[in-house]
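# A look at the structure
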Amino acid sequence: MKFFGTTWVDHDGGYAARRAGVAVGSLLGAVASAYLLRFAYEGLEIGNVGPFLSISVVILFAIASSIAFVKTWDSFSRRAAPSSDEAALKGLKAIGFIGSLIAYFLRSLFEAPGEKLHRAEYERAVAEFDRRRSSRTGNPAARRPKRRK
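Throughout what follows, the structure given in this document is the object of discussion. Source: prediction; values computed, not measured.

### Focus: a nonpolar patch on the surface
- A surface patch of nonpolar side chains, amounting to about 390 Å² of accessible area, comprises Leu27, Val31, Tyr35 and Phe39.
- You can see Leu27 is positioned in helix 2 (residues 15-46).
- Residue Leu27 is classed as partly exposed on the basis of its relative accessible area of 38%.

Structure below.
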């Protein structure tokens with residue numbers, strides 16, 4: 001949401017162009033990352049490390065990418081609990097960065113990533129402000145003092 005500033009509130013100020021830019025950028029990043037991993041895999045093949053290690057690396061990145069995709073996708077719709085295991089999964093999400101980039105790309109096709117969450121929080125804050133603001137009526141100094149027990 002940092003890239004969008006406050007344009008997500010009213011979808012103005014180049015919101016559509018920013019969203020398209022985020023989608024293209026995250027897709028290009030995912031493609032470039034896949035090529036980078038391909039070169040790393042070819043390096044393992046050139047190093048003749050054996051089929052077990054080669055297959056293990058591919059499986060590791062596939063699992064890490066799928067977990068990173070799910071965790072990133074979930075982070076767009078709800079905040080993590082303070083005591084959750086998000087901090088422990090930062091390393092795994094870094095290894096599975098392709099999954100995070102793909103989640104970012106797919107979400108940016110529909111809305112700014114995290115917009116739904118921010119919009120719900122924003123509307124809740126506006127409603128709370130309006131509720132607090134509307135309950136102020138009259139002069140507080142003219143109110144009767146509370147009875148003591």
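### Structural notes on the packing of helix 3 (residues 51-75) against helix 5 (residues 97-110)
- Look at helix 3 against helix 5: their axes get within 7 Å of each other, and the N-to-C directions meet at 40°. Taken as axis vectors, helix 3 and helix 5 run oblique relative to one another. Seen along the crossing, helix 3 lies across helix 5 with a hand that is right-handed. Every residue of helix 5 that contacts helix 3 at Ser65, Ala68, Phe69, Thr72 and Trp73 is listed here: Ile98, Gly99, Ser100, Ile102, Ala103, Leu106 and Arg107.
- Taken together, the residues of the contact of helix 3 with helix 5 break down into seven nonpolar, four polar and one charged.

### Concerning the side chain of Ser33
- Within the secondary structure, Ser33 is located in helix 2.
- A relative accessible area of 10% means that Ser33 is categorised as buried.
- If we ignore the near neighbours within four places in the chain, the residues touching Ser33 are Phe97, Ile98 and Leu101.

### As for the packing of helix 2 against helix 3
- Packing of helix 2 against helix 3 leaves a shortest axis separation of 10 Å and a crossing angle of 160°. Between helix 2 and helix 3, the angle falls in the class roughly antiparallel. Regarding helix 2 and helix 3, the two cross each other, and that crossing is right-handed. Between helix 2, through Leu37, Tyr41, Leu44 and Glu45, and helix 3, the contact on the second element is made entirely by Ser54, Val57, Val58 and Phe61.
- Of the residues assigned to the contact of helix 2 with helix 3, the class counts are six nonpolar, one polar and one charged.

What counts, and where the lines are drawn
Residues numbered from 1 in each chain as written. Predicted model: local features only at pLDDT ≥ 70, side-chain atom pairs only at ≥ 80, totals over all residues. Heavy atoms only, no water. Patch = residues over 30% accessible without salt bridge, like charges linked within 9 Å, V, L, I, M, F, W, Y side chains within 5 Å. Areas by Shrake-Rupley, 256 points an atom, 1.4 Å probe, with all protein chains shown as cover. Salt bridge = Lys/Arg side-chain N within 4 Å of Asp/Glu carboxyl O. Helix = DSSP H or I, 4+ residues; strand = E, 2+ residues; numbered from the N terminus. Buried < 20%, exposed > 50% of the residue type's maximum accessible area, 1.4 Å probe, protein only. Axes fitted to C-alpha atoms, helices over the stretch in contact; angles between N-to-C directions. Parallel < 35°, antiparallel > 145°, perpendicular 65-115°, else oblique. Left-handed = near helix turned anticlockwise from the far one by under 90°. Contact = heavy atoms within 4.5 Å. Nonpolar A, V, L, I, M, F, W, Y, C, P; charged D, E, K, R; others polar.

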